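# Descriptive structure summary
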Amino acid sequence: MSKEITPVHITKSPVELFKILKFEGIADSGAEAKNIVAEGHVKANGEVVTRKRRQMVAGDIFQIGDDSWQLVD
């Protein structure tokens, strides 16, 4: 059974991964968002990401634990 992917609407592309985590309320602050990424808790398009400023574009999917989000414009 697969979990649903939550859409994240973006108004500009590309956007830095840590900013998405912050503005979507996944992290409480930019510093916390950067730590979540740096510690390897985020997968982007199936690969573990540790670059806090990784550029994300519409269509990209990121995952933390069992939760997934897809960027849409």
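To be clear, the structure that these remarks concern was listed above.
The structure contained in this document is the topic of the report that follows.

Each value, and the rule that gives it
- Residues numbered from 1 in each chain as written.
- Predicted model: local features only at pLDDT ≥ 70, side-chain atom pairs only at ≥ 80, totals over all residues.
- Heavy atoms only, no water.
- Core = buried A, V, L, I, M, F, W, Y, C linked by side-chain atoms within 4.5 Å.
- Buried < 20%, exposed > 50% of the residue type's maximum accessible area, 1.4 Å probe, protein only.
- Helix = DSSP H or I, 4+ residues; strand = E, 2+ residues; numbered from the N terminus.
- Contact = heavy atoms within 4.5 Å.
- Pairing = 2+ DSSP bridges.
- Axes fitted to C-alpha atoms, helices over the stretch in contact; angles between N-to-C directions.

Let's shift gears to the nonpolar core. Burial of nonpolar side chains together is a common tendency in soluble globular proteins. Core analysis: the largest hydrophobic core is formed by 19 residues, its most contacted members being Leu17, Ile20, Leu21, Val42, Met56, Phe62 and Leu71. Listing elements by their share of this core, those giving two or more residues are helix H1 (17-23), helix H2 (30-38), strand E3 (42-44), strand E6 (61-64) and strand E7 (67-72). Ranked by residues supplied to this core, first place goes to H1 with 4 residues. Setting aside its immediate chain neighbours within four residues, Leu71 contacts Val8, Ile10, Ile20, Met56, Val57, Ala58, Gly59, Asp60 and Phe62.

One open sheet holds the 5 strands; their spatial order is E1-E7-E6-E3-E4, and the pairing between them is mixed. Each of the sheet's edge strands pairs with one partner strand only, and the pair in question is strand E1 (5-9) and strand E4 (47-49). For this sheet the average axis-to-axis angle between neighbouring strands, irrespective of direction, equals 35°. Looking at chain direction, E3 and E6 are connected through 3 bridges and run antiparallel. Note on E6: the bridge partner recorded for Lys43 is Gln63.

This part is about the pairing of E7. Regular strands have side chains that alternate between both faces of the sheet. Here E1 pairs with E7 via 5 bridges, running parallel. Looking at E7, one finds that His9 is bridged to Val72. Pairing analysis gives 4 bridges linking E6 to E7, with the strands arranged antiparallel. Bridge assignment links Ile64 to a residue of E7, and that residue is Asp67. Connecting E6 to the antiparallel partner E7 that follows it, the hairpin turn spans 2 residues, and Gly65 within it adopts a positive phi of roughly 60°.

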